[in-house]
Amino acid sequence: MAAGKKRSEQHLIDQDGIALLRSKLPRHWLLREYRPDYGLDFTIETFRTLESETTDGRRPTFETLGEHVFVQLKSVAEPSVHTLEIYNRGNVEKARETLDLTDKIAEIETYRFQLEMSELVTIERMGIGVPVLLVIADLARQRCSFVCLNDYIDKILIPQHDDYRTAGSRTIHIPLWTEIGSDAGMIGLRWYAKRAKLLAAFQRFAFQYSELQWPDNGDWRTLARYFGERIVQYDFWDDTEMCEPIRYHAAGLRRFLETGQPGYFKVPADLPDGFDPDAFREHFEKQDVFELWRLLALLPKTYEDIWREWFLPTSLGQLTSAP
């Protein structure tokens, strides 16, 4: 009798890996499968919990945050765990990677996974607007850990090689401590999911700061209030506890809308001789408001310089985001 179609062991491993990933995510988050698959297997959409009144009490409901990440899932029955030594290095946005081998920052456990160059090039072409997470489903240990491939390419592969594309594949190190379901792992997932809305807001902050400085804008305070009323509506101000500068400037923005001043600068109590009191006060009040927008416009620089290395197996990532 002729043989029928067969199902391979890897198909079963992949099936178990999908089930494991679903079990690690909050049950009210959505995991959507991508078919056909060209390097992106799933998207994760995040939700927040609300409570609603019903006839028999309060029941939770779940509201989408409009936040998404792509997932490339690799399921492995018994992946090996390796030790990765992490050394200090300079800012790779300004120069190629140069490790200081006299300054070891940490030794961490990682999975090592070989990714084909076609997959890496596709993700590089996507840019950084929506993160692509490489997730290793470790079936032996019942654990899923991730690394952001967009950032890994920009912050590790490109600085390490004259042209990282010359090889057929590259080894990716996935830290075990970015485990989905752990405190650090869930903070990481939520942070990456907010990327698109944060980058859009950063663009607006830079635009507003530039426009406030035009001398022919007339009433700068009216313009600043209009700008503030636009950006205070962003929902991430109260949902980024992992990033203190964003929360700090949220408080300044709200103080400005409530009182007219964000409170970064204080008008000196003693007026220097020869200054008009009203003009002196207006100068300090204006600089106080402009300082709020100057600091908001600096957020994209901090994002590129520091925050994109969060959760990566680099010295900066280890020092600023590892538990």
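Criteria and cut-off values
Residues numbered from 1 in each chain as written. Predicted model: local features only at pLDDT ≥ 70, side-chain atom pairs only at ≥ 80, totals over all residues. Heavy atoms only, no water. Helix = DSSP H or I, 4+ residues; strand = E, 2+ residues; numbered from the N terminus. Buried < 20%, exposed > 50% of the residue type's maximum accessible area, 1.4 Å probe, protein only. Contact = heavy atoms within 4.5 Å. Lys, Arg positive; Asp, Glu negative; His and termini not counted. Charge placed at Lys NZ, Arg CZ, Asp CG, Glu CD. Salt bridge = Lys/Arg side-chain N within 4 Å of Asp/Glu carboxyl O. Axes fitted to C-alpha atoms, helices over the stretch in contact; angles between N-to-C directions. Parallel < 35°, antiparallel > 145°, perpendicular 65-115°, else oblique. Nonpolar A, V, L, I, M, F, W, Y, C, P; charged D, E, K, R; others polar. Phe/Tyr/Trp six-rings, centres within 6.5 Å; stacked < 30°, edge-to-face > 60°. Expected span 1.5 Å × (residues − 1). Bend = angle between axes of the 7 residues up to and from the residue. Pairing = 2+ DSSP bridges.

**Brief notes about the overall build of the protein chain**
Then, number 1: A count of helices and strands for the protein chain gives nine helices and eight strands.
Then, number 2: On the principal axes, the C-alpha backbone points of the protein chain span a range of 100 × 65 × 35 Å.
Then, number 3: Buried positions account for 43% of the 323 residues belonging to the protein chain.
Then, number 4: Look at the contacts in the protein chain between residues 6 or more apart in sequence, and 68% of them connect residues 24 or more apart.
Then, number 5: Of the charged side chains in the protein chain, 40 are positive and 51 negative; the average position of the first set lies 5 Å away from that of the second.

**Focus on the pattern of salt bridges**
A side chain of one charge can pair with a side chain of the opposite charge if their charged atoms are brought near each other.
Then, number 1: Throughout the structure, instances matching the rule amount to 29 salt bridges.
Then, number 2: Here Lys 155 and Glu 93 are joined by a salt bridge, their closest N and O atoms 2.9 Å apart. Placement of the pair is Lys 155 in helix H3 (residues 149-160) and Glu 93 in the loop between strand S4 (82-89) and strand S5 (99-116), with a sequence separation of 62 residues.
Then, number 3: On the accessibility criterion, Lys 155 (1% relative accessible area) is buried.

**Regarding the environment of Leu 101**
Then, number 1: By the element assignment, Leu 101 lies in strand S5.
Then, number 2: Assessed through its relative accessible area of 61%, Leu 101 is described here as exposed.
Then, number 3: With 14 residues separating them in the primary sequence, Leu 101 and Tyr 87 have C-alpha atoms 6.1 Å apart.

**Describing the packing of helix H5 (residues 195-212) against helix H6 (residues 220-231)**
Then, number 1: As a packed pair, H5 and H6 sit with axes 10 Å apart at the nearest point and diverge in direction by 175°. Classified by the interaxial angle, the pair formed by H5 and H6 is roughly antiparallel. Facing H5, whose interface residues are Arg 204, Phe 205, Gln 208, Glu 211 and Leu 212, H6 presents Trp 220, Leu 223, Ala 224, Phe 227, Arg 230 and Ile 231.
Then, number 2: Split by residue class, the contact of H5 with H6 holds seven nonpolar, one polar and three charged.

**Describing the packing of aromatic side chains**
Then, number 1: Per the stated rule, a full pass over the model turns up 21 aromatic pairs.
Then, number 2: On the numbers, 5.8 Å between centres and 35° between planes, the contact of Trp 191 with Tyr 303 is tilted. Taken together, the residues span a long stretch of sequence, with Trp 191 in helix H4 (residues 183-193) and Tyr 303 in helix H8 (residues 277-305) at a distance of 112 residues. No difference in accessibility class separates Trp 191 from Tyr 303, as the two residues are buried.

**Overview of the side chain of Arg 195**
Then, number 1: By secondary structure assignment, the location of Arg 195 is in helix H5.
Then, number 2: For Arg 195, a relative accessible area of 0% translates into the label buried.
Then, number 3: Here Arg 195 is in contact with Ile 128, Gly 129, Pro 131, Cys 148, Asn 150, Asp 151, Tyr 303 and Arg 308, once residues within four sequence places are set aside.

**Some thoughts on the environment of His 68**
Then, number 1: Secondary-structure assignment places His 68 in strand S3 (residues 57-76).
Then, number 2: When near neighbours in sequence (up to four residues on either side) are disregarded, His 68 contacts Arg 32, Ile 44, Glu 45, Val 130, Pro 131 and Ala 193.

**With respect to H8**
Then, number 1: With 29 residues, H8 should cover 42 Å at 1.5 Å per step; its first-to-last C-alpha distance of 41 Å lies within 8% of that length.
Then, number 2: Roughly 30° is the biggest bend found in H8, and it falls at Leu 299, with proline Pro 300 one to four residues downstream.
Then, number 3: Among the residues of H8, Phe 280, Asp 288, Val 289, Phe 290, Glu 291, Leu 292, Trp 293, Leu 295, Leu 296, Ala 297, Leu 299 and Tyr 303 are the ones counted as buried.
Then, number 4: Against the buried residues of H8 lie H4, H5, H6 and helix H7 (244-259).

**Some thoughts on the sheet that holds S4**
Then, number 1: In space, the three strands of this open sheet follow the order S4-S5-S8, with antiparallel pairing throughout. In this open sheet, the two strands that pair with only one neighbour each are S4 and strand S8 (169-175). Between one strand axis and the next, the sheet turns by 55° as a mean value, whatever way the strands run.
Then, number 2: Strand contacts of helix H2 (residues 117-126): S5 and S8, with the helix running at about 110° to S5, the strand carrying the most contacts.
Then, number 3: With respect to the sheet, H3 is in contact with S4, S5 and S8, its orientation differing from that of S8 by roughly 110°.

**Concerning unusual backbone geometry**
Then, number 1: The phi angle at Gln 142 is positive, at roughly 55°, despite the residue not being glycine.
Then, number 2: When you line up the elements, Gln 142 lands in the loop between strand S6 (132-138) and strand S7 (143-148).
Then, number 3: Although it is not a glycine, Phe 311 sits at a positive phi angle of roughly 70°.

Keep in mind these numbers describe shape, not what the thing actually does.
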